[in-house]
Every structure is written in C-alpha cells, then in structure tokens.
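Structure at a glance
Listed here are the chains, written in short residue letters.
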Amino acid sequence: MGRPLISLCMIVKNEEKNLPRCLESVQGQVDEIIVVDTGSSDRTVEVASQYGARVLTHPWNGDFSAARNVSLDHASGGWVLWLDADEELLQAPDGSTLKQMADSGTAEAYLVPVQNMRLDGSFTAHYAVRFFRKLEGIRFEGKAHESVGDWLLRQNARIERSPVAIRHWGYAVTDAELQRKLDRNLELLKAQLERDPNNSYVHYYIGMTLVGKEDFEGSFHHLQRAYELGPETPNMECLVANMLAYHQLHRCNYGEAEKWARRSLAITPQQHTAKMFLGIALYNQKRFAEALPLLQSAYQFQRLPLERRRSDISLEHSYGEKELLWAVARSAYETRSYPLAHQFLQRLARSGGSDAAALTLQGLTALALESFRSAVAHFDHAKVLGASWQQIGAPWTYGLLQLGRLDDALAVLSEAGASFFLNENAEQTFALLVERCFESSRIGPLVRALERIAQNAHVPPHVLDALAVCHIKSGNYEKAAAALDALLEKDPGNLEVRRRLAAVWVRLGRETMAARLLRSYRRDGTASAAP
C-alpha cells in the first residue's frame, strides 16, 4: 500500500502577504492544497494558484466551520493538515515528516503544538488537532475557534502528540488589529450562544475572548457558567478551572485561586498552567517553601523549546518572565536558598528587571552570602532608584560595618533617621554600630548622628539610650540627664532608666533630685508623681 495522500486545507480572505510564507513551509510535505476563498479583493487567489492550489470560492456567512468543511469536502487525501494563512509549518527537530506520521499506523489524529508569536518575539503555546485522518463523517464544529477535536473525541479516535509544530503570526499585531480580531470572534460566539445558550464550550471561548478585551467581570461570568454547565471533557474542565484560578489571582483572592488550581491538577497532573497559578497563589500567601518548586518549574517550562514541552492539556498559559524571576528569587531568599536567589536575581538583572525592590533583594542576598562589597553596591544603587530607608538603612549599615567603613555607616544612619529603626534588624545593627564607634573612639561623630535623629518627634528609644551613654562617656552629664529624662518620658515604668538618671543627678551634685526620683517609683513597680 502506498503512502496516504496528504491534503492541506485552508480558508482565506485578503491574505496575499501571508500566503507565500505559509505555502513555502509545506513544500514537500503535502500532496495537494485546497484553498477556499471567502471574498478576497487582493491577489490572494492568484498567489494561491501560483503554488498549485486548487482554489474554491465560498461566500462568507459568519461561520468558520462552514467554510472549513467546504475545504474538507473537496480534499482527496486520506490525511488532512489545516492551516491559516498567517501560520507556517515548522521542521521537526528530529526530522519527522507528516508522511511519516501518517504512515505510523497508530494514530488517527495528531495534537500539534501551535506557537503563538507576539510582537516582542515572545510566544505562548497551545495544542490543537491540526493533522488528522479523513474519517467518514468528520466535520469542523464551532462558528469561531472551530475544530474537529470534539468530533474525534466522541468517536474515541486515537490522538497522539505531533513532533511537528506550527508557528502562528496572527497575534504579532498592533493592539488595534488584535482588538478587531477579538471583536469579530466575539460577535460570532454571541450569535452561536443565542442558538445554544447552554453550550459550555461557547461560554468558555467568550470568557477567553473577553480577557483579551480586558472585560474581566464579563469573562469571569462566562467562565463560571461554563463550569456550572459541566465541560464535556477533562481537558476543557481543566482549561476552565485554570482560567477561574487566573481570575481569582487577578482579584487577589489567593485562597480561591489555590482551590481552583488544585482542582485542575487533580484532573490532569501533567500540566504547567495549574502548577504555575498554584505557585503564584502560594507565593502571595507567603507560603514560600511550597511556592518555590512550582515557580521554578514554571520558569523552566517557559524556557523550553516548543517541541520539548510536555503537557496533557491543550492550552498552556505563560506568565511574565520578570515577574516569575522575581517570585522565584524572593521565594528562594525567604527559604534561605541564597545561592538560588542570587542566580535568579542575576537573571532578572540581565532581563532588565532591576528596580529598587530587586536591587534591595540582591543586596540582602549578598549579605547572606557574606559578599559585603556587592551588597553595599546594590544598596547604593537601590537608594538612587528610590528604595526606602526602612528597607535598606539597617542592612546597608551592616554591610558597611563589615567592610570597616564606619564613617559611611554613620552617614547612612544619619540620613536614614528614624526610618532606620523601622527595619526588623535595626536594633541589632544599631547596637553593632554603637559598639564599633566606642571601640574606635568615634563618639563625637556618633553623637552628631544621634542628635540629628533625636530632633524627630518620634525619636526611637534606642537613640536616646545610646545618646545618654555617649554623653556619660564624654563626661557631659547635663546632656546625659536630658537624654535619660526624654527616655523616661517614653517609658515611665522603666526602673533601670530611672536608676541611671538618678546616678547622673548624683554626678551633677543633685542628690535630692536623685532621691526624689527613686522614691517616686512605688513598691508595686509603677511610677508616681514626685512628692
């Protein structure tokens, strides 16, 4: 028995610019080309004929499946490949051909990876039945998003994965052009919904179209309805659940997003989208240890060449590379996986995603890895880009102290002011700074920095305490008393401060005031007014 004849089936309208690329890509792969023209006014028919296509005409009636079925009716091949003019067939990395796939004897159809290109060169991917045996009665279904996939599933056809892929250029267009396409599809889908209001598939595709139009409430409504109606296949159930997870992420309902993602994974574990959405949901719940492997896997999946991606669902969603790199880096840092955090922060920097937050995290990671010069440089850059003193004041100071740059550390403290003490590690770093100043006899510069901060209405107690110690060490007891008095106002019940202030009064020869201060502390441990 000879090789099966392969027919390429297409429907076109005003595609003279795209057709050559498409038809060049199938040379040597198909035996005949059937082109159904739905009303072109340019050279489309002439171009198709130049490539040996058999061109038929069919008036456009708002139904993509109707036009596709005309091409199918006129195809003489035992196998059918269908493409749009803005697509091209890619060569398989392993050298596989359509004829080899048709000859395999094990499949009746192939799920083909479709690479949807964007203007910036990135792409998303989905999987669709594009190469199939011309079985008796096979038909395209759906006014828009037409497919033979559902027909094949109802026949329990054997569907395998294709090693050959398709590249789709239809989304590599301006926003205005994309919106026109979405509007056209939405009109067709709504017309179909009027005739069949309980069609789960139509509700799903309307929901997907409305996402592209940024009508998130409308999209959510149709996707909910699609799930309520009960998707007919596990694949569609996963696609709907994944999009409901996406909407819950968009609404910041991370617990609900987690629920939908886990529901999808329970149906089809071998997929990327639900794992990615689950990772994002867990990340936003600060469950970093659970999120990290999922987010890292999502990043690795998106970097794979199309032919190496493995999935058991027909549509995999992607996530912004910079956002994903950041989430992996942050999760790695929070779980103390510092080398991994450093690796992903470096990738983020190379992708142009080094904003103030990323530079701050780079600095913190460098500190954890004891790379103090790098840490200081990152904090310096982060401040230029607008990082707050609360975020970087204390860690920057710590890095400078580790490098022995005491004067620079004092300068950071002075500039940061009271915001320095809002950082969770501020107290420990401040204690180290004061200790280094005392060791180096740098009390004067320390006092100047502390006095500047003390002018703040909400001066931190640590500043007043250190200021008092500095003045005592310098023998300036009047200023020491003033600092301790201000500290006591903040914490009247602090017996230790009361005793230190009393000792300073004694140093100043004011024993009566010292005694009165101590007597004003009641036996029950609370302060009372001096008699």
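Residues numbered from 1 in each chain as written. Predicted model: local features only at pLDDT ≥ 70, side-chain atom pairs only at ≥ 80, totals over all residues. Heavy atoms only, no water.

1. Description of the packing of aromatic side chains
As a reminder, the rule being used: A pair of aromatic rings is counted whenever rings of Phe, Tyr or Trp (Trp by its six-membered ring) have centres within 6.5 Å, and the orientation is called stacked for planes under 30 degrees apart, edge-to-face for over 60 and tilted otherwise. Throughout this description, buried means an accessible area under 20% of the type-specific maximum (1.4 Å probe, protein chains only), exposed means over 50%, and partly exposed covers the range between. In this description a helix means any DSSP run of H or I spanning at least four residues, a strand means any run of E spanning at least two, and both kinds are numbered starting from the N terminus.
Tallied over the full model, the rule gives 16 aromatic pairs. Centroid distance Phe-132 to Phe-140: 6.2 Å. Interplanar angle 75 degrees. Geometry classified as edge-to-face. Judged by relative accessible area, which is 4%, Phe-140 ranks as buried. Here Tyr-299 and Phe-344 contribute two aromatic rings whose centre-to-centre distance is 5.3 Å and whose plane-to-plane angle is 70 degrees, an arrangement assigned as edge-to-face. One end of the pair, Tyr-299, is in helix α12 (residues 288-303); the other, Phe-344, is in helix α14 (residues 338-350), and 45 residues separate them in sequence. For Phe-344, a relative accessible area of 1% translates into the label buried.

2. Quick look at helix α19 (residues 426-439)
Heads up, the condition is: One fewer than the residue count of a helix, multiplied by 1.5 Å, yields its expected span. We call two residues in contact whenever any of their non-hydrogen atoms come within 4.5 Å of each other.
When the terminal C-alpha atoms of α19 are compared, their 20 Å separation across 14 residues agrees well with the 20 Å that a helix rising 1.5 Å per residue should span. Taken as a whole, α19 has its buried residues at Ala-426, Thr-429, Phe-430, Leu-432, Leu-433, Val-434 and Cys-437. Buried residues belonging to α19 abut α17 (389-402), α18 (406-416), α20 (443-454) and α21 (461-473). In the stretch just after α19, Ser-441 is the one whose phi turns positive, near 55 degrees.

3. Some words on the environment of Leu-244
Of note, Leu-244 is situated in helix α9 (residues 234-250). Of the residues examined, Leu-244 reaches a relative accessible area of 1% and is grouped as buried. Through-space distance from the C-alpha of Leu-244 to that of Lys-259 is 9.8 Å; in sequence the pair is 15 residues apart.

4. Some thoughts on the pattern of salt bridges
Cut-off, in case you're wondering: Whenever Lys or Arg places a side-chain nitrogen within 4 Å of a carboxyl oxygen from Asp or Glu, that contact is recorded as a salt bridge.
Taken as a whole, this structure holds 24 salt bridges when the rule is applied. Measuring nitrogen to oxygen at the nearest pair gives 3.1 Å for the salt bridge that ties Arg-43 to Glu-46. Classification of Arg-43 by relative accessible area gives partly exposed; the value is 39%. Among the residues examined, Glu-46 registers a relative accessible area of 41% and is labelled partly exposed. As a salt-bridge pair, Glu-478 and Arg-510 come within 2.7 Å of each other at their nearest N and O atoms.

As far as function goes, none of this settles anything; it's purely spatial.
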